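Fold and contact review
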Amino acid sequence: KNQVEQSPQSLIILEGKNCTLQCNYTVSPFSNLRWYKQDTGRGPVSLTIMTFSENTKSNGRYTATLDADTKQSSLHITASQLSDSASYICVVSNQAGTALIFGKGTTLSVSS
Amino acid sequence: SQTIHQWPATLVQPVGSPLSLECTVEGTSNPNLYWYRQAAGRGLQLLFYSVGIGQISSEVPQNLSASRPQDRQFILSSKKLLLSDSGFYLCAWIGAREEGYTFGSGTRLTVV
């Protein structure tokens, strides 16, 4: 069964600290993995997209990693800011592009 | 540039009343369009998707229906809302497969 599991479910950190969010998937055959940021009451916005051959991709203070062998991805946020408070959603696509499996997201709260 | 518009942003409707949520896309033609629902504490649930005018696929049997009267217009409807229809509804489109989803800003529906 195609599944995407994210952890932790929620996370609270102090401003300026780093954090890492995890995404494990069982989608097969795998095509790509995306991380989205969703602010409260808004639609998700794409942060990164990673294909099978990519191990690391950065977007500013966001760095995503992918281990296709263990089927794990992480999103590392450096020097967190209050505006990073949001839900982060991992989405995995199969090769045909016909199925996009969404994780339930990790809710990050950055406090001052 | 491609943009997606979704309205209204918030909606409070009584049980048994009808529903119509509209989504339009600009800057592209023949997009694949999607309706998702996001309930509190849960992931995104695919409701309907459409690959062209008049072509609707339903993922989850429920009290809702969708229509695509024009190439860049996707409508989510209900004849009689239930309390369980409350949630955050997102319209999305996908261009080239590697681009991923572009989401609308969402509609917060509260059925009272």
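Thresholds applied
Residues numbered from 1 in each chain as written. Chains lettered and ligands numbered in written order. Predicted model: local features only at pLDDT ≥ 70, side-chain atom pairs only at ≥ 80, totals over all residues. Heavy atoms only, no water. Helix = DSSP H or I, 4+ residues; strand = E, 2+ residues; numbered from the N terminus. Rg over C-alpha atoms; globule rule 2.2 N^0.38 Å. Phe/Tyr/Trp six-rings, centres within 6.5 Å; stacked < 30°, edge-to-face > 60°. Buried < 20%, exposed > 50% of the residue type's maximum accessible area, 1.4 Å probe, protein only. Core = buried A, V, L, I, M, F, W, Y, C linked by side-chain atoms within 4.5 Å. Contact = heavy atoms within 4.5 Å. Buried area = accessible area lost by both parts, 1.4 Å probe. Salt bridge = Lys/Arg side-chain N within 4 Å of Asp/Glu carboxyl O. Nonpolar A, V, L, I, M, F, W, Y, C, P; charged D, E, K, R; others polar. Pairing = 2+ DSSP bridges. Axes fitted to C-alpha atoms, helices over the stretch in contact; angles between N-to-C directions. Disulfide = S-S within 2.5 Å.

**Focus: the overall build of chain A**
The number of helices and strands found in chain A is zero helices and 11 strands. Mapped from its N terminus to its C terminus, chain A presents α and β elements in the order β-β-β-β-β-β-β-β-β-β-β. For 112 residues, the compact-globule estimate of 2.2 N^0.38 gives 13 Å, and the C-alpha radius of gyration of chain A, at 13 Å, lies within 12% of that figure. Expressed along its principal axes, the backbone C-alpha trace of chain A runs to roughly 45 × 25 × 20 Å.

**Some words on the packing of aromatic side chains**
Throughout the structure, instances matching the rule amount to 13 aromatic pairs over all chains. Relative to B:F103, the ring of A:Y36 has its centre 5.5 Å away and its plane inclined at 85 degrees; by these criteria the two rings are edge-to-face. Here B:F103 lies in strand 10 (residues 101–103) and A:Y36 lies in strand 4 (residues 30–38), a pairing that spans two chains. In terms of burial, A:Y36 and B:F103 fall into one category: buried.

**A closer look at the nonpolar core**
Ranked by size, the top nonpolar core spans 25 residues in total, and within it A:V4, A:Y25, A:L33, A:W35, A:L75, A:Y88 and A:V92 carry the most contacts. Elements with a contribution of two residues or more to this core: strand 3 (19–25), strand 4, strand 5 (45–51), strand 7 (62–67), strand 8 (72–77), strand 9 (86–94) and strand 11 (106–111) of chain A. Core analysis: the next-biggest nonpolar cluster, separate from the first, contains 20 residues, B:I4, B:L47, B:L81 and B:Y89 among them.

**Things to note about the interface of chain A and chain B**
Contacts between the two partners involve 18 residues from chain A, matched on the other side by 15 residues from chain B. Summing both sides of the interface, chain A and chain B together bury roughly 1300 Å²; the carbon and sulfur share of this comes to 55%. Between the two partners, chain A and chain B, sit zero salt bridges. Mapped onto the side of chain A that touches chain B, the elements with two or more residues apiece are strand 4 and strand 10 (100–102) of chain A. The dominant element in the side of chain A that touches chain B, judged by the number of residues it contributes, is strand 4 of chain A, at five residues. Residue composition of the side of chain A that touches chain B, by class: seven nonpolar, eight polar and three charged.

**Description of the pattern of salt bridges**
Residues and elements named next belong to chain A. Following the criterion strictly, the structure yields five salt bridges over all chains and no others. Note that K37 is salt-bridged to D39, the shortest N-O span being 4.0 Å. Judged by its relative accessible area of 34%, D39 is partly exposed. The residue K57 makes a salt bridge to E54 at a minimum N-O spacing of 3.0 Å. Judged by relative accessible area, which is 26%, K57 ranks as partly exposed.

**As for the sheet that holds strand 1 (residues 4–7) of chain A**
Residues and elements named next belong to chain A. Across the sheet, which stays open at both edges, the five strands sit in the order 1-3-8-7-6 with antiparallel pairing between neighbours. In this open sheet, the two edge strands, each paired with only one partner strand, are strand 1 and strand 6 (56–59). Geometrically, the sheet is characterised by an average inter-axis angle of 15 degrees between neighbouring strands, direction not taken into account.

**A short note on the state of the cysteines**
What is meant by a disulfide is a covalent connection between two cysteines, made through their sulfur atoms. Under the defined criterion, the tally for this structure stands at two disulfides over all chains. With a sulfur-sulfur separation of 2.0 Å, A:C23 is cross-linked through a disulfide to A:C90. Torsion about the S-S bond of the A:C23 and A:C90 cystine: about -65 degrees, corresponding to left-handed handedness. In this pair, A:C23 is assigned in strand 3 and A:C90 in strand 9, connecting sequence segments 67 residues apart. Here the two residues A:C23 and A:C90 agree in accessibility, since each one is buried. For B:C23, the disulfide goes to B:C91, at an S-S distance of 1.9 Å. Taking the sign of the S-S torsion, about -70 degrees here, the bridge from B:C23 to B:C91 comes out left-handed. Of this pair, B:C23 sits in strand 3 (residues 19–26) while B:C91 sits in strand 9 (residues 87–94), placing them 68 residues apart in sequence. Neither residue differs from the other here; B:C23 and B:C91 are each classed as buried.

Worth remembering: the numbers are spatial, not functional.
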